[in-house]
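Chains, contacts and geometry: an overview
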Amino acid sequence: AVPGGQAPPQRSGSATSVRVEAPGKVNLFLSVGALGADGYHPLTTVFQAVRVVETVTARRQALDARGAVTLSLEEPDASVPTDASNLAVRAALVLAEATGVEEGVDLLVRKRVPVAGGMAGGSADAAATLLACNVLWGTELDQAELVELASRLGADVPFPLLGSTAVGHGRGDRLTPLMTRGTYHWVFALAHTGLSTPAVFARFDQMPRAVAPAATEVPAELTNALRSGDPAAVAAHLRNDLAPAALSLRPGLAEVIDVAESAGALRAIVSGSGPTVAALVPDGATAARVSRALEDCEHVAGTLRADAPVAGARVVG
Ligand code: C5P
């Protein structure tokens, strides 16, 4: 492994295993338009990659299992499928299909991003798998080709390949990197159970029309705040149009947001489709205070502290 570096050069088929890390995300801005004929909502969003990281180790299959794609979790979790319905398994199959390789792979996934939490953990697993198999199999697709395959797997899969901060358009998969300055400190409040993204979008469709019309561009106030590295200014311009739908499905989240803000968060928002609440804090001391307050809240299963932005998927071993 190259410390802190990109993928080490690999001869085609030389490695017996490849380990990749890919980050979870928070949406700093998420403006949602009306449901389209394709079953998706047009989005204008800003993704920030956070230091809550998924790790996928891709290992060559034993000879008698050649061609098979198998997956196991480092810590078994009944809410995560390990069959072909897992997005990471589909990622390996899609890469094999697109490149014509007849290799299989055995995937070992270490999850740190909350499951069904609105932080794209499953998408990070798929992104990590694309990169890991691309190196393991020596298929040598470039970043743009991996991003194209990623967008076929799901709207949130391209972003963990890029990492850092990016604007998303379309289904959220058409990405443009965004220049930012500074480090942002987050405290994430995890829920006891996840929320299904399609269910949150379906509730969004049933809600009364939002006061703010859907935005087609990210407001200059937010991009300026990110460029100046001022977390208080960023906090003032955070927006999530899915929040009312997530709050309607999980009324307890309003209290979680209140607790975080009363304990000193600059602002707390629903992360993506929820139910994770993301609290932007000014410094480490406030992070500790906000975590403690959240841990005492009955709707909170636990907290994670993480800085951001961080790099996208990279080979670490
Ligand atoms: O692309 P992905 O499979 O992650 O999306 C899951 C579901 O979330 C979609 O089937 C759709 O119901 C909803 N979605 C949406 N609009 C988006 C992204 C996702 O309605 N832009």
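Residues numbered from 1 in each chain as written. Predicted model: local features only at pLDDT ≥ 70, side-chain atom pairs only at ≥ 80, totals over all residues.

A short note on the overall build of the protein
Helix and strand content of the protein: 10 helices and 12 strands. What you see for the protein is a C-alpha radius of gyration of 19 Å, in line with the 20 Å of a compact globule of 317 residues. With the principal axes as the frame, the protein shows a C-alpha extent of 55 × 45 × 40 Å. The contacts in the protein between residues at least 6 apart in sequence include a share of 76% that link residues at least 24 apart. (Helix = DSSP H or I, 4+ residues; strand = E, 2+ residues; numbered from the N terminus. Rg over C-alpha atoms; globule rule 2.2 N^0.38 Å. Contact = placed C-beta atoms within 7 Å.)

Focus on unusual backbone geometry
Note: most peptide bonds trans; most residues except glycine with negative phi. Between Gly274 and Pro275 the backbone carries a cis peptide bond, its omega angle lying at 5°. By the secondary structure assignment, Pro275 is in the loop between strand S9 (267-270) and strand S10 (277-281). Positive phi, normally seen in glycine, also occurs at Glu140, with a value near 55°. Mapped onto the fold, Glu140 is located in the loop between helix H2 (121-136) and helix H3 (143-153). For Ser164, which is not a glycine, the phi torsion comes out positive at approximately 55°. Mapped onto the secondary structure, Ser164 falls in the loop between helix H4 (158-162) and strand S5 (165-169). Looking at Ser164, the number of C-beta atoms within 10 Å reads 18, which means it is partly exposed. (Buried ≥ 20, exposed ≤ 12 C-beta atoms within 10 Å, placed from the backbone.)

Examining the site of the ligand
The ligand sits among Gly39, Tyr40, His41, Leu43, Gly154, Ala155, Asp156, Arg171, Gly172, Thr197, Pro198 and Phe201. Partitioning the shell around the ligand into residue classes produces five nonpolar, five polar and two charged. Three or more residues apiece are contributed to the shell around the ligand by two domains, here domain 1 (17-178) and domain 2 (184-308). (Near = placed C-beta within 6 Å. Nonpolar A, V, L, I, M, F, W, Y, C, P; charged D, E, K, R; others polar. Domains from an automatic or database assignment.)

Examining the sheet that holds S9
Reading across from one edge, S9-S10-S7-S11 is the order of the four strands in this open sheet, with antiparallel pairing throughout. Single-partner strands in this sheet number two, and they are S9 and strand S11 (302-308). The average angle at which neighbouring strand axes cross in this sheet is 25°, direction not considered. In the sheet, S9 pairs with S10 via four bridges, with the strands oriented antiparallel. Considered in S10, the bridge of Ile269 is made with Ala278. (Pairing = 2+ DSSP bridges. Axes fitted to C-alpha atoms, helices over the stretch in contact; angles between N-to-C directions.)

Focus: the UniProt feature "domain: GHMP kinase C-terminal" (unreviewed entry) in the protein
Per the UniProt record, "domain: GHMP kinase C-terminal" (unreviewed entry) is annotated on residues 225-295. Secondary structure within residues 225-295 divides into 55% helix and 15% strand; the distance between the first and last C-alpha atoms comes to 30 Å. (UniProt positions renumbered as here; feature names shortened; annotations may be inferred.)

Thoughts on the domain arrangement of the protein
Where interface size is given, it is often the accessible area lost as the parts come together that is meant. Along its sequence, the protein is organised into domain 1 (17-178) and domain 2 (184-308). Centre-to-centre separation of domain 1 and domain 2, based on C-alpha positions: 23 Å. Domain 1 puts 28 residues into the contact, and the matching count from domain 2 is 36 residues. Listed by contribution, the elements that provide at least two residues to the side of domain 1 that touches domain 2 are strand S1 (17-32), strand S2 (43-59) and S5. For the side of domain 1 that touches domain 2, the residue count by class is 17 nonpolar, 10 polar and one charged.

So, the UniProt feature "active site" (unreviewed entry) in the protein
The feature "active site" (unreviewed entry), as annotated in UniProt, sits at Lys25 and Asp156 in this numbering. The named residues occupy 132 residues along the chain; their greatest pairwise C-alpha distance, 9.4 Å, places them in one compact cluster. Within the element layout of this structure, Lys25 appears in strand S1. Looking at Lys25, the number of C-beta atoms within 10 Å reads 32, which means it is buried. Ignoring any residue separated from it by four or fewer positions in sequence, one finds Lys25 in contact with Phe47, Gln48, Ala49, Val50, Met119, Ala120, Phe159 and Pro160. Counting through the fold element by element, Asp156 comes out in the loop between H3 and H4.

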